[in-house]
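Residue-level structural notes
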Amino acid sequence: MKMNKYGQAEYAYGIMKMITEKLLSKGILTEQQFRKLDEQNKDDCYRQFCTAWTA
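Just so we're clear, the structure is a prediction, and the values are computed from it rather than from any experiment. (Residues numbered from 1 in each chain as written. Predicted model: local features only at pLDDT ≥ 70, side-chain atom pairs only at ≥ 80, totals over all residues. Heavy atoms only, no water.)

1. Quick word on the pattern of salt bridges
Which entries qualify depends on this criterion: Salt-bridge detection follows one rule: a side-chain nitrogen of Lys or Arg within 4 Å of a carboxyl oxygen of Asp or Glu. Counting from the N terminus, the helices are DSSP H or I runs at least four residues long and the strands are E runs at least two residues long. Each residue is assigned to one of three classes by its accessible area relative to the maximum for its type, calculated with a 1.4 Å probe on protein chains only: buried under 20%, partly exposed between the two thresholds, exposed over 50%.
One pass over the structure, following the stated rule, counts 2 salt bridges. A salt bridge links Asp38 to Lys17, with the shortest nitrogen-to-oxygen separation between them at 3.4 Å. Remark: Lys17 occurs in helix H1 (residues 8-25) and Asp38 occurs in helix H2 (residues 31-48); sequence separation between them is 21 residues. With a shortest N-O distance of 3.8 Å, Arg35 and Glu31 are connected by a salt bridge. With Arg35 and Glu31 both in helix H2 and 4 residues apart, the pair spans about one turn of that helix. A relative accessible area of 41% places Glu31 in the partly exposed class.

Next comes the structure, spelled out in structure tokens:
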């Protein structure tokens, strides 16, 4: 993944999504846990970095 000057939130969320997808594929997370964690990761990443998402 390439990090762009203003893409920190997108980059962080992309990394977190890859990790949770791997956990799901290995059977460590259920589909329900995956969806909840993915939503939480997205919210956390976009809240952590200054983006238009929070404006």
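We are not done yet, so read on.
2. What about the packing of aromatic side chains?
To be explicit about the condition: To pair, rings of Phe, Tyr and Trp, with the six-membered ring standing in for Trp, must have centres within 6.5 Å; the planes then decide the type, stacked if under 30 degrees apart, edge-to-face if over 60, and tilted in the middle.
Throughout the structure, instances matching the rule amount to 1 aromatic pair. For the ring pair Tyr13 and Tyr46, a centre distance of 6.4 Å and an interplane angle of 55 degrees mean the geometry is tilted. Remark: Tyr46 occurs in helix H2 and Tyr13 occurs in helix H1; sequence separation between them is 33 residues. Exposure remark for Tyr13: the relative accessible area of 14% places this residue in the buried category. The class of Tyr46 is buried, set by a relative accessible area of 9%.

3. Some remarks on H1
Rules: To estimate the expected span of a helix, count its residues, drop one, and scale the result by 1.5 Å. What the arc covers is the set of directions going from the helix axis to the C-beta atoms. By definition, residues are in contact when any of their heavy atoms lie within 4.5 Å.
Given a rise of 1.5 Å per residue, 18 residues ought to cover 26 Å, and the 26 Å separating the end C-alpha atoms of H1 matches this to within 8%. Those residues of H1 not exposed but buried are Ala9, Tyr13, Gly14 and Thr20. Within H1, the buried residues cover an arc of 135 degrees as seen down the axis, which keeps them to one side. For H1, the exposed residues lying more than 90 degrees away from the buried face are Lys22 and Ser25. In this structure, the buried residues of H1 make contact with H2. A positive phi of about 80 degrees marks Gly27, the residue just after H1.

That's the geometry; what it means functionally is another story.
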